[in-house]
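Inside the fold
Listed here are the chains, written in short residue letters.
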Amino acid sequence: MSDAYQALFGSGPVTLPQGGPLYLQLKRWIEDAVARGLIQPGDALPSERDLATRVDVSRVTVRKAVQQLVRDGILVQRHGSGTFVAPQPHRVEQSLSQLTSFAEDMARRGMAVQSVFLDRGIYVPSPEETMVLGLSPGERVSRIARLRISGDTPLAIERAALSTSVLPDPGAVQTSLYAELEKTGNRPVRAIQRIRAANLAEADAALLEIPAGAAALHIERIAYLASGKVVEFTRSVYRGDTYDFVAELRVGESARK
């Protein structure tokens, strides 16, 4: 074990972060140790009993803190082996100032991307799809649902709906939806995105290979052609531990006067 690990779990005094119940103080202490690199992915934590003695708290407190950290993806428990620091996925930054596809974002970073198609088909639209896409009675929608993967890490689930007048064959989409739309002059030129924090439901968590209830970003995108027509309605779920959305903010002209 490293000197940092020995210092953390050795015999020196422990000062937990103040505020909140003891198990949350212990949780923050372990999170900070992971963030600072004092304990590395793959390192084993002391046993529940040893950690309780080291920090001078009850085993119930240790158990609650560890359960929270496992749920957040910071720790992983292996039956019969113990509790370990989980592999920490590479974080990806995505700008909110440019309208690009997932594949384009990854290519710009030199990262390979894979898509596992969960659905590609033509359907009767839902009332929400009819309203957002401005569909006429009798129109159908092409739906494309994909698990987006970079390296070995699943990053996002994208579920897109488009009018069949824009995308008559959803099976034609391979790596990039926008590349396919560009062939017919239907690539969007602007979009409105709404981002909200949410906890993952069990089905999506299983696809993203993180615990149910873990933090995620739910993103709704409505994209438009230059004419103002809505061309795309996409709802995505991004892992909260891998994605950072970045926006550049500027002072408006009125504030400069």
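The following paragraphs examine the structure supplied in this document. (Residues numbered from 1 in each chain as written. Predicted model: local features only at pLDDT ≥ 70, side-chain atom pairs only at ≥ 80, totals over all residues. Heavy atoms only, no water.)

Attention now goes to the environment of Tyr 23. With respect to the helices and strands, the residue Tyr 23 is situated in helix H2 (residues 22–35). Setting aside residues up to four positions removed in sequence, Tyr 23 forms contacts with Thr 61, Lys 64, Ala 65 and Gln 68. (Helix = DSSP H or I, 4+ residues; strand = E, 2+ residues; numbered from the N terminus. Contact = heavy atoms within 4.5 Å.)

What the 6 strands build is an open sheet, ordered E4-E5-E6-E9-E8-E7; its pairing is antiparallel. Of all strands in the sheet, those bounded by a partner on one side alone are strand E4 (113–123) and strand E7 (190–199). Taken pair by pair, the neighbouring strands of this sheet meet at an average axis angle of 15°, ignoring direction. With 10 bridges joining them, strand E5 (residues 141–150) and strand E6 (residues 153–163) adopt antiparallel strand pairing. Each residue of the ladder has a partner; that of Arg 143, found in E6, is Ala 161. (Pairing = 2+ DSSP bridges. Axes fitted to C-alpha atoms, helices over the stretch in contact; angles between N-to-C directions.)

Grouped together as the largest cluster of nonpolar side chains are 23 residues, with contacts concentrated most on Leu 26, Trp 29, Ile 30, Ile 39, Leu 45 and Leu 51. Elements with a minimum of two residues in this core: helix H1 (3–9), H2, helix H3 (48–55) and helix H4 (59–71). The element contributing the most residues to this core is H2, with 6 residues. Leu 51 has contacts with Phe 9, Trp 29, Ile 30, Leu 45, Pro 46 and Val 62, leaving out every residue within four places of it along the chain. (Core = buried A, V, L, I, M, F, W, Y, C linked by side-chain atoms within 4.5 Å. Buried < 20%, exposed > 50% of the residue type's maximum accessible area, 1.4 Å probe, protein only.)

For the rest of this paragraph, the subject is the packing of aromatic side chains. Within this structure, the stated rule accounts for 0 aromatic pairs. Its end group placed over the ring of Phe 117, Arg 120 keeps NZ or CZ at 3.7 Å from the ring centre. Its end group placed over the ring of Tyr 224, Arg 190 keeps NZ or CZ at 4.1 Å from the ring centre. (Phe/Tyr/Trp six-rings, centres within 6.5 Å; stacked < 30°, edge-to-face > 60°. Lys NZ or Arg CZ within 6 Å of the ring centre and 35° of its normal.)

By themselves these figures say nothing about function.
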